[in-house]
Amino acid sequence: MKHLKRFAKEYALLIFGLILLHLSFPAFFYRPGDFMFQDLYDGFKNYLTVRAYLSPVNESILLYEQMNYPFGEYIFYTDNSPAISVPLKFLIKIFGDFSPWGIWIYSGVWLLLMLMSPIVLFRSLKKLHLDSWFVALGCLILVWTNPQLDRFNIGHFNLTACIFYIWMIRVMISYFLADRDQDGKKIISVLLELLLLIFLSSFVHLYYLPLLVLFFGLFVFILSFRRLIRRDLFAWRNLGLSAAASLLGGGLVFAILRISDRYYSLRKDGASGYGWDYWEHAPKSLWTSPAHALIDFPLSVDQSIGYEGTMYLGWFIWVGIFLSLVAVVWRGMSRLKRHRFFPFFLSILIVALINYLIGIGDDEVIFGKRHHNYLNLFELIKPLYEGVTHFRCLGRFAWWSFWTLGIVSIAAFDWLWKKQGWSRYLIWIPLVLGLTDVTGWTQRFKKHNNKRSNLSVRAIDERLGSLPAAIEGYTIDAMLPLPYYHVGTEDMSLTVDPHAIQMIHHSQLSVGLGIPSIATQLSRSPLDYSREVWSWFHRDPYIHQDFSTRLQGKTILIVKNKAFYAGTSEYKPKHEAFINPGVHDARDFLNRSGARQVHQDYFYEYYLLEIP
């Protein structure tokens with residue numbers, strides 16, 4: 001009973017979290033074998049990479065073999081979260097094939113992390129003596145209104161893991177307390193925890209590496225700045241240890257990539273797309289209510305905002321900002337400065353501002369004119385290290401502003417609650433308004449993110465139809481969809497996005513038949529290999545010996561889209577000289593190659609190409 005009373009708020013967060021998950025994703029609980037958050041575009045592709053990687057047909061642990069045949073791709077560049085998929089792969093090797101359930105397990109991981117996030121945040125804030133029931137409710141609201149939730153709809157499921165931001169907040173609080181008490185042993189303990197966080201989060205999604213390391217490094221520097229100027233040896237030692245731990249964590253991640261990846265030397269140093277407005281934060285999104293909001297914020301603007309630029313703060317934080325300003329006026333800045341946790345809050349706000357300036361990109365439109373953003377830290381790093389442009393979706397760095405403003409809001413509400421008098425009950429206003437935002441998110445999830453799986457056994461069998469009987473007796477090594485597509489080279493001149501439905505259809509065939517696809521939709525692929533595959537379609541092929549050797553003696557199943565080549569498809573891929581034969585001139589390619597038709601259905605014609 002004493003234990004229950006001691007952890008009553010944590011148990012309450014667990015129960016309410018389960019209720020919200022059940023309301024948001026009922027299909028996950030009621031039809032687990034036939035569930036997806038998202039069944040198109042990046043969502044489908046990310047599910048596909050996990051489903052195919054876990055299949056026993058994909059024998060390698062590090063090399064993903066379902067796409068980009070005959071080269072494959074290393075798992076670090078496939079969005080299948082190696083920190084999760086690799087342990088599952090080992091379990092399959094030990095206990096047998098459960099890959100058809102891999103999608104449900106993969107989905108469950110993100111929901112479990114979401115369930116645990118409010119509890120971890122509340123436990124972290126308790127170290128700052130923020131431990132009331134209102135604080136617990138505030139933690140629940142923050143997790144259920146944070147900007148990363150939008151990734152459930154977009155399909156970047158590994159970017160929904162806000163628990164890594166929350167875990168970093170916990171690390172920073174622990175560091176602050178240890179630094180304040182000059183506890184050297186505790187500092188070492190905190191930095192070891194930091195190493196673990198960097199390692200795990202980076203292999204869930206590589207973006208977490210700069211997002212977390214940069215924030216922690218700047219936090220330690222800002223927190224210790226005055227003491228560093230005074231040449232405080234303890235502060236200098238802690239800064240050195242923190243820098244060493246951050247470099248060691250990042251260096252370990254890059255070392256694993258470099259040692260494991262045989263294609264490393266073939267990859268581009270930088271990435272195209274850096275500086276695109278669509279991938280940068282849009283400041284107007286801070287007060288622009290999303291469509292699912294039950295009560296619109298009064299400053300909302302009716303303009304389209306790209307998903308990478310979106311970060312609506314919500315009622316809870318906006319009212320929290322107002323109350324924080326009231327606290328400054330009411331108590332006075334001089335009194336606030338004497339608060340024992342003031343340096344922590346000030347430091348994270350300053351660092352969040354630096355990250356926000358990165359998030360808005362290299363320039364921004366202000367009052368109708370475009371101005372260069374000289375305060376973007378990446379603009380200083382880019383001339384020294386072009387690899388920073390791989391983290392081109394700069395809007396994600398602005399997410400820190402949500403979490404820091406959210407924590408400051410919780411502190412402001414806690415301050416108001418501890419005051420005497422009627423004004424303390426004003427705290428119900430942001431809490432109730434915040435819960436309306438939570439309700440809006442649950443309704444959106446229920447409506448848009450309870451899809452039927454198009455990679456389930458049922459869906460794959462329906463797609464296969466009578467094709468297996470038509471090709472029975474043939475040993476097929478790979479599949480080639482026409483029109484061909486290729487995504488992931490980081491060279492937009494070689495990039496052709498697939499038609500969504502065609503990509504789903506041929507992926508179902510690829511998984512169902514257990515054969516890899518020559519087409520590619522991944523994150524980073526060597527440029528030379530992409531050129532080799534595209535050149536396969538030309539009369540005078542520019543094919544390296546490596547590529548032609550790998551194709552010798554192989555049998556390829558060609559899947560030709562009938563509607564596209566009959567001119568009745570809405571799919572309009574770009575038309576460039578180098579990629580034209582692979583996209584548009586399938587008939588000429590088929591005639592030259594000697595492929596023979598073996599089957600057809602309503603959507604496709606199927607050909608077998610035997611390469612001598």
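Our subject is the structure listed above.
What this report covers is the structure whose coordinates are included nearby. (Residues numbered from 1 in each chain as written. Predicted model: local features only at pLDDT ≥ 70, side-chain atom pairs only at ≥ 80, totals over all residues. Heavy atoms only, no water.)

**Quick look at the side chain of Asp150**
Right, so step 1: You can see Asp150 is positioned in the loop between α7 (133–143) and α8 (151–154).
Right, so step 2: For Asp150, the residues in contact, after removing those within four places along its chain, are Tyr307, Trp441 and Arg444. (Helix = DSSP H or I, 4+ residues; strand = E, 2+ residues; numbered from the N terminus. Contact = heavy atoms within 4.5 Å.)

**Observations regarding helix α2 (residues 8–24)**
Right, so step 1: When the terminal C-alpha atoms of α2 are compared, their 24 Å separation across 17 residues agrees well with the 24 Å that a helix rising 1.5 Å per residue should span.
Right, so step 2: Taken together, the buried positions of α2 are Glu10, Ala12, Leu13, Gly17, Leu20, Leu21 and Ser24. Buried positions in α2, seen along its axis, are confined to an arc of 165 degrees and lie on one side of it. (Expected span 1.5 Å × (residues − 1). Buried < 20%, exposed > 50% of the residue type's maximum accessible area, 1.4 Å probe, protein only. Arc of directions from axis to C-beta.)

**Some points on the sheet that holds strand β10 (residues 604–610)**
Right, so step 1: Read from one edge of the open sheet, four strands run β5-β8-β10-β9, paired in mixed fashion. The strands lining the two open edges of the sheet, one partner per strand, are β5 (478–482) and β9 (596–600). Direction aside, neighbouring strands of the sheet carry axes that sit 25 degrees apart on average.
Right, so step 2: Examined bridge by bridge, β5 and strand β8 (residues 555–561) share five bridges and lie parallel to one another. Within the sheet, the bridge partner assigned to Leu482 lies in β8 and is Lys560.
Right, so step 3: With respect to the sheet, helix α21 (residues 500–513) is in contact with β5, β8 and β10, its orientation differing from that of β5 by roughly 165 degrees. (Pairing = 2+ DSSP bridges. Axes fitted to C-alpha atoms, helices over the stretch in contact; angles between N-to-C directions.)

**As for the environment of Arg237**
Right, so step 1: Locating Arg237 in the fold gives a position in helix α12 (residues 233–260).
Right, so step 2: Note: C-alpha distance between Arg237 and Phe25 (212 residues apart in sequence) is 48 Å.

**Overview of the packing of aromatic side chains**
Right, so step 1: As enumerated under the stated definition, the model contains 42 aromatic pairs in all.
Right, so step 2: Measuring from centroid to centroid gives 4.6 Å for Tyr165 and Trp400, while their planes differ by 55 degrees, and the two rings are tilted. Taken together, the residues Tyr165 in helix α9 (residues 163–180) and Trp400 in helix α17 (residues 399–418) connect sequence positions 235 residues apart.
Right, so step 3: Using a relative accessible area of 0% as the deciding quantity, one classes Tyr165 as buried.
Right, so step 4: Between Phe221 and Phe225, the ring centres sit 5.7 Å apart and the planes meet at 65 degrees, which makes this aromatic pair edge-to-face. Of this pair, Phe221 and Phe225 both sit in helix α11 (residues 208–229), four residues apart, which is roughly one turn of that helix.
Right, so step 5: The class of Phe225 is partly exposed, set by a relative accessible area of 40%.
Right, so step 6: One residue, Lys89, lies across the ring of Tyr53, its end atom 5.2 Å from the ring centre.
Right, so step 7: Directly above the aromatic system of Tyr207 lies the positively charged group of Arg396, at a separation of 4.3 Å from the ring centroid. (Phe/Tyr/Trp six-rings, centres within 6.5 Å; stacked < 30°, edge-to-face > 60°. Lys NZ or Arg CZ within 6 Å of the ring centre and 35° of its normal.)

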